[in-house]
Amino acid sequence: MRFLIFIWHRITAAVSTLLFLALLIALFGLYKFANSEQSDNELKLQGKHEYLTEISQKIDSGHLRPNIVFILYDDLGYGDIGEGAKDNTLIATPNINQLAAGGVVLTDFHSPSPVCTPSRAGYLTGRLAPRAGLPNVVFPTGSTRGLLFRLLTRPGSHTRLPAEEITLADLLKAAGYATGMVGKWHMGDRSPSLPNDMGFDSYFGALYSNDMEPFALYANREIAVAAPVDQRYLTERYTEAATAFIEAHAAEPFFLYFAHNFPHDPLSVRGARSGQSKAGLYGDVLEEIDDSVGDIVATLERTGTLENTLIIITSDNGPWFLGNAGDQRGRKGNTFEGGMRVPFIAHWPEAIAGGRTEPAMAMGTDLLPTVLDLLQLPAPKDRLLDGRSILNVLTSGAATPHDYLYYYDGETLFAVRNQRFKYRGPAGVFYSTDQTPIGAAVPQKEWLFDLAGDRRESYDTSDHSPQELQRLRDAFTAKNKEMAVNQRGWN
């Protein structure tokens, strides 16, 4: 008996030692993973530099070169402003409404992703987020949330926009524009992927979402307002920086990327704005943002640049906990229309006839190709662009340039659609109850929605439209095969 007890103690001691060693190895692996450095593609970096040099040599000073002001909201719903908010009497946005009335509104415009980081990558590169190498949300360097998120999504995934990606700011800087960014970057907090590394001459803003810490404001590469920033004055600070940039560069072509942190949660406004909206604090925030738009337009008028300035207003995805997704299913974080169909307003007095709404489907990846078309510049030859120029849609009401739009969450394709029908591949649909703290995706078969009569994606009509089902299923399968072979889209 004593011998058996002795053997048992020896075995348990050995197992404890092995478990301890395994824990040390796991912790060391996590440490290495958390501190691993992302590498860039040197060959494509060289291709980027060669392309931008080529662009700089093709500048045509005689060609119309409008200023561009791109205003991107964070978690703004389709039903909060613009066409989707026609019946929304709770939030007053007279300045945005005036731009919509004097410009064109796209009623079927989509963000590149249902969450912020990959959506921003898509807007700035013209490439779907898996192409651009940044398919998931990124977190501050060294944060526990970031480490856990990477472990749960894809270990080894990128934590910053790859330096070899060509941004809209890179392109316009090479084309002779002064380039400035104000607001939320959220594509990495380290060089060589900071705003000043990726084509912006000047930067003032936050590197992350306003619910991430430490939340500081940067002027170029240095902290200008230490954390924690008082977010009640965030819109005011951003507006001052945006109008100062316009005034400083009014005598030359300029590109301003104004990326708000709001109405992402947590919400804050100045005391003078608090309680003014019928839609509560969320409405207060939007009405203060509308004041900001008014200040920008007034600055453009004062500097004589409004007539030849293309102003674009849209959102990075659908609304989060608050906000109005319009008459659509879903919200931020999913690939139903409510997560990705967002407001879009374009205003350019010299080239866009006002008072129009256009139904052509489009996506945020179209922005960079549209600018290439506008400036009559070639696309890069060493990489694929997923977007298409919508210049003719904006100026003359042309049909969509897309056969299909593809809806990605992370690196997974969930849906594909044409102008009328939307196919959702076999996938889980998230379900939970209010009293259940953790939900799960419930598996579903493939679905086909007829968006012409069912914008809420409530009814599967695959049995009524077998040809459309097969056509979109084939497009879905083909895109998955294409991405499996060449996800980054290199030529």
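The preceding data block contains the structure.
Right, let's walk through the structure included here.

**Quick notes on the nonpolar core**
Then, number 1: The biggest cluster of nonpolar side chains holds 62 residues, and the ones touching the most others in it are Leu106, Leu168, Leu171, Trp185, Phe255 and Tyr257.
Then, number 2: Among residues more than four places away in sequence, those in contact with tryptophan 185 are Arg120, Leu124, Ser193, Leu194, Pro195, Met198, Phe200, Tyr203, Ala206 and Leu207.
Then, number 3: In this structure, Ile71, Ala100, Val225 and Leu306 belong to the second largest nonpolar core, which totals 41 residues.

**Remarks on the sheet that holds strand S15 (residues 421-424)**
Then, number 1: The four strands are arranged S13-S14-S15-S18 in an open sheet whose pairing can be described as antiparallel. The open sheet terminates on both sides in strands that have one partner only, identified here as strand S13 (405-409) and strand S18 (447-450). Taken over all neighbouring pairs, the strand axes of this sheet differ in orientation by 20° on average, direction set aside.
Then, number 2: Sheet analysis places S15 next to S18, joined by four bridges and oriented antiparallel. In the sheet register, lysine 422 faces S18, and the bridge partner there is phenylalanine 449.
Then, number 3: Seen against the sheet, helix H13 (residues 466-485) touches S13, strand S14 (412-417), S15 and S18 and runs at an angle of roughly 145° to S14.

**Observations concerning the pairing of S15**
Then, number 1: Every second residue of S15 is oriented toward a common face, with Phe421 and Tyr423 on one face and Lys422 and Arg424 on the other, all of them buried.
Then, number 2: What sits between the antiparallel neighbours S14 and S15 is a turn of three residues.

**What to know about the layout of surface pockets**
Then, number 1: Estimated volume of the largest pocket: approximately 970 Å³.
Then, number 2: If you go around the largest pocket, you meet 35 residues; those closest to its centre are Val115, Lys332, Gly333, Asn334 and Asp409.
Then, number 3: Counted by class, the lining of the largest pocket contains 15 nonpolar, 12 polar and eight charged residues.

**Thoughts on the pairing of strand S1 (residues 67-73)**
Then, number 1: Extensive coverage of S1 is indicated by the burial of seven of its seven residues.
Then, number 2: Both faces of S1 are covered, namely the face carrying Asn67, Val69, Ile71 and Tyr73 and the face carrying Ile68, Phe70 and Leu72.
Then, number 3: Alignment of S1 against strand S9 (residues 309-315), held across seven bridges, turns out to be parallel. Opposite leucine 72, over in S9, you have threonine 314 as the bridge partner.
Then, number 4: In the sheet, S1 pairs with strand S8 (residues 254-259) via five bridges, with the strands oriented parallel. Across the sheet, the residue bridging to phenylalanine 70 is tyrosine 257, located in S8.

**Examining the packing of aromatic side chains**
What describes a pair of aromatic rings is the distance from one ring centre to the other and the angle between the planes of the rings.
Then, number 1: Applying the stated criterion across every chain yields a total of 14 aromatic pairs.
Then, number 2: With a centroid separation of 5.5 Å and 50° between ring planes, the pair formed by phenylalanine 70 and tyrosine 123 is classed as tilted. Here the residue phenylalanine 70 occupies a position in strand S1, and tyrosine 123 occupies one in helix H4 (residues 116-125), the gap between them amounting to 53 residues. Each of the two residues, phenylalanine 70 as well as tyrosine 123, counts as buried.
Then, number 3: Judged by centre distance (6.0 Å) and plane angle (25°), the ring pair of phenylalanine 200 and tyrosine 257 falls under stacked. Remark: tyrosine 257 occurs in strand S8 and phenylalanine 200 occurs in the loop between strand S4 (178-183) and strand S5 (202-205); sequence separation between them is 57 residues.

**A closer look at the packing of helix H3 (residues 94-101) against helix H9 (residues 280-302)**
For any two helices packed against each other, one specifies the crossing angle of their axes together with the interaxial distance.
Then, number 1: Direction vectors running N to C along H3 and H9 enclose 55°, while the axes themselves pass 7 Å from each other. Judged by the angle between their axes, H3 and H9 are oblique. Residues Pro94, Asn95, Ile96 and Leu99 of H3 lie in contact with H9, whose contacting residues are Asp290, Asp291, Val293, Gly294 and Val297.
Then, number 2: Grouping the amino acids of the contact of H3 with H9 by side-chain chemistry returns five nonpolar, two polar and two charged.

**Topic: the side chain of glutamate 288**
Then, number 1: Mapped onto the elements, glutamate 288 comes out in helix H9.
Then, number 2: Overall, the relative accessible area of 3% leaves glutamate 288 in the buried class.
Then, number 3: In contact with glutamate 288, other than residues within four places in its own chain, are Arg232, Thr235, Ser268, Val269, Arg270 and Arg273.

**Section: the pattern of salt bridges**
Then, number 1: Across all of its chains, the model carries 34 salt bridges by this definition.
Then, number 2: Across the pair lysine 86 and glutamate 83 runs a salt bridge, and its minimum N-O distance is 3.2 Å.
Then, number 3: Among the residues examined, lysine 86 registers a relative accessible area of 59% and is labelled exposed.
Then, number 4: By relative accessible area, which is 24% here, glutamate 83 ends up partly exposed.
Then, number 5: The shortest N-O distance in the salt bridge between arginine 127 and glutamate 165 comes to 2.9 Å. In this pair, arginine 127 sits in the loop between H4 and helix H5 (129-132) while glutamate 165 sits in the loop between helix H6 (144-152) and helix H7 (168-174), placing the two residues 38 residues apart along the sequence. We note that arginine 127, like glutamate 165, is buried.

**Side note on the sheet that holds strand S2 (residues 104-106)**
Then, number 1: Across the sheet, which stays open at both edges, the 10 strands sit in the order S7-S6-S5-S4-S8-S1-S9-S10-S2-S11 with mixed pairing between neighbours. The sheet terminates laterally at strand S7 (222-225) and strand S11 (356-358), the two strands that pair on one side only. When the angles between neighbouring strand axes are averaged without regard to direction, this sheet yields 20°.
Then, number 2: Alignment of S9 against strand S10 (residues 344-347), held across four bridges, turns out to be antiparallel.

Procedures and definitions
- Residues numbered from 1 in each chain as written.
- Predicted model: local features only at pLDDT ≥ 70, side-chain atom pairs only at ≥ 80, totals over all residues.
- Heavy atoms only, no water.
- Core = buried A, V, L, I, M, F, W, Y, C linked by side-chain atoms within 4.5 Å.
- Buried < 20%, exposed > 50% of the residue type's maximum accessible area, 1.4 Å probe, protein only.
- Contact = heavy atoms within 4.5 Å.
- Pairing = 2+ DSSP bridges.
- Helix = DSSP H or I, 4+ residues; strand = E, 2+ residues; numbered from the N terminus.
- Axes fitted to C-alpha atoms, helices over the stretch in contact; angles between N-to-C directions.
- 1 Å grid on protein atoms, 1.4 Å probe; cavity = no way out; pocket = protein on both sides within 12 Å on 5 of 7 lines; lining within 4 Å.
- Points joined across faces, edges and corners; volume = space filled by probe spheres on them.
- Nonpolar A, V, L, I, M, F, W, Y, C, P; charged D, E, K, R; others polar.
- Phe/Tyr/Trp six-rings, centres within 6.5 Å; stacked < 30°, edge-to-face > 60°.
- Parallel < 35°, antiparallel > 145°, perpendicular 65-115°, else oblique.
- Salt bridge = Lys/Arg side-chain N within 4 Å of Asp/Glu carboxyl O.

So, to be careful, I would describe these as geometric facts and stop short of saying anything about function.
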